[in-house]
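# Analysis of the macromolecular model
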Amino acid sequence: MTLIDPRPGMVAAMDALAVESGLVLDGEHFAANLGPPLDHVLRDFGAPEARIPALVDRFRAIYPELVVPRTVALPGADAAVRAARAGGGALVVTGKYAPNAALHLSTLGLEVDSLVGELWAAGKAQALRRHGAVVYVGDHRGDMLGAKAAGALAVGVTTGPCGRAELLAAGADVVLASLEEFPDWLAVELG
């Protein structure tokens, strides 16, 4: 919910997984609270621990067919990525499975310099530091924790499940209403 809106596909994929697995998995709830890793979500839904690895694998397998075609870029995503690239580079660090995240970027024509997947919250700091990120933009309190742990400027956008107050409480240095504000903000920040 920073660069893309995958919610319709996420509902479809989680609901399909529920039907296949016979478990009670709520696609609407899942899509409204995107951010945490899939194994955490499945635990929260009460999935048996022994079944979680297979459920994660199956979700990843159906994802390209059910999620990618239903996903749209959020307003300002393309301009934000171009501004980041012009300012030194565009790195995507996401909790998503990297091959599926790459499909989203490719399908939507969002060209980034690097992509690192399957990292959550403060765990994102390692990739952010390794790539020399000085600014990290995200829509979730976990993203703010990752930026702060990496020593990067934490920029929140209110396009995901977390509002302005929650992002600020998690350490956001600045909060934007959407990525449409990012290129102008970055131009001032880079001076």
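Going by the structure above, here's the rest.
Please read these numbers as outputs of a predicted model, since none were measured by experiment.

### A few points about the packing of aromatic side chains
- Inspection of every chain in the model, using the stated rule, returns three aromatic pairs.
- With a centroid separation of 5.8 Å and 90 degrees between ring planes, the pair formed by Phe-30 and Phe-59 is classed as edge-to-face. Taken together, the positions of Phe-30 in helix 2 (residues 27–32) and Phe-59 in helix 4 (residues 52–66) put the pair 29 residues apart, joining distant regions of the chain.
- The exposure class assigned to Phe-30 is buried, which follows from its relative accessible area of 7%.
- A relative accessible area of 5% means that Phe-59 is categorised as buried.

### Considering the packing of helix 4 against helix 6 (residues 98–108)
- Direction vectors running N to C along helix 4 and helix 6 enclose 10 degrees, while the axes themselves pass 10 Å from each other. As summarised for this structure, helix 4 and helix 6 are arranged roughly parallel, according to the angle between their axes. Between helix 4 and helix 6, the contacting residues are Arg-60, Tyr-63 and Pro-64 on the first element and Asn-100, Leu-103 and His-104 on the second.
- Among the residues forming the contact of helix 4 with helix 6, the class breakdown is three nonpolar, two polar and one charged.

How each quantity is defined
- All chains use their own residue numbering, which begins from 1 and follows the written sequence.
- With pLDDT at 70 or above as the cut-off, local features in this predicted model cover only qualifying residues; side-chain atom pairs require 80 or more to be listed or tallied, and sums for whole chains, interfaces and linings still use all residues.
- No hydrogens and no water enter the side-chain calculation; it runs on all heavy atoms of the structure.
- Stacked, edge-to-face and tilted labels apply to pairs of Phe, Tyr and Trp rings (six-membered ring for Trp) whose centres lie within 6.5 Å, assigned for plane angles under 30 degrees, over 60, and everything in between, in that order.
- Runs of H or I in DSSP of at least four residues are treated as helices and runs of E of at least two as strands, each being numbered from the N terminus.
- Each residue is placed in one exposure class: buried if its accessible area under a 1.4 Å probe, protein chains only, is under 20% of its type's maximum, exposed if it is over 50%, and partly exposed if it falls in between.
- Between N-to-C directions, angles cover 0 to 180 degrees, with each direction set by a line fitted to C-alpha atoms, over the stretch in contact for helices.
- These descriptions rest on fixed angle ranges, namely under 35 degrees for roughly parallel, over 145 for roughly antiparallel, 65 to 115 for roughly perpendicular, and the rest for oblique.
- It only takes one pair of heavy atoms within 4.5 Å for two residues to be counted as in contact.
- Any residue outside Ala, Val, Leu, Ile, Met, Phe, Trp, Tyr, Cys, Pro, Asp, Glu, Lys and Arg is labelled polar, Gly included; the first ten of those are nonpolar and the last four are charged.

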